[in-house]
Structure formats: C-alpha cells, structure tokens
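Chain and residue survey
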Amino acid sequence: MKISQEEKDRNKQQMIDAATTLIAEQGFAKVSLRDISKKAGMSQASAYKYFQSKENIVFAFLNKFRNNATSNFYKSMTFMIFV
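Residues numbered from 1 in each chain as written. Predicted model: local features only at pLDDT ≥ 70, side-chain atom pairs only at ≥ 80, totals over all residues. Heavy atoms only, no water.

1. Looking at the overall build of the chain
Looking only at helices and strands, the chain has 4 helices and 0 strands in total. Of the regular secondary structure in the chain, the N- to C-terminal order runs α-α-α-α. Counting across all 83 residues of the chain, residues that qualify as buried make up 22%. Restricting to contacts in the chain with at least 6 residues of sequence separation, those with at least 24 account for 48%. (Helix = DSSP H or I, 4+ residues; strand = E, 2+ residues; numbered from the N terminus. Buried < 20%, exposed > 50% of the residue type's maximum accessible area, 1.4 Å probe, protein only. Contact = heavy atoms within 4.5 Å.)

2. Some details on the side chain of asparagine 11
Mapped onto the elements of the fold, asparagine 11 is located in helix α1 (residues 5-26). Once you skip the residues sitting within four places of it in the chain, asparagine 11 turns out to touch Met42 and Tyr50.

3. As for helix α2 (residues 33-40)
Among all positions in α2, only Leu33, Ile36, Ser37 and Ala40 are buried. Each buried residue of α2 lies within a common arc of 95° when the element is viewed along its axis, so the set occupies one face. In α2, the exposed positions that point more than 90 degrees away from the buried face belong to Arg34 and Lys38. At the exit of α2 stands glycine 41, carrying a positive phi of roughly 80°. (Arc of directions from axis to C-beta.)

If you want it as structure tokens, here you go:
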C-alpha cells in the first residue's frame, strides 16, 4: 500500500513531537529511536523510513523551528513597512 505525502508528513511530525516530548522529559542521552517510535505509535522499522537517527529528528525539529521563525520575522517586517 502506497502512503500519501500527507501521511508521510504527518508521520514525520508525530516522530518529531514524540522526540521533543521524550527528550524534554528524560534528556537526549536517555532517549532511543525505539522509545521515540513507540511513543509516536509506529514500529521501529517504520520510524527508520523517516529518520535514520534521533539526531536527524532533532535536526528536522530545529530546521522547522528556524523556517517558522524566519517566516514570522518576514511577515512582521512586511506588516511594519506597510503600517
């Protein structure tokens, strides 16, 4: 069965959310990809389809955070220019 891009994106976000929660609770060193995949509700094999390591999940989170911050900055600057 082929998975839609929306479902892939949703699964990736579930992994990022699970990792964020677990790392905040237990610390980076104590969390494994197995823990993250279990919290996200998927098998470890499925998790590896999206991220090869917990470090890659953290990088994805940071990249998304940076993109959102940059977008918000430009939106606020555009607003200030036209006000």
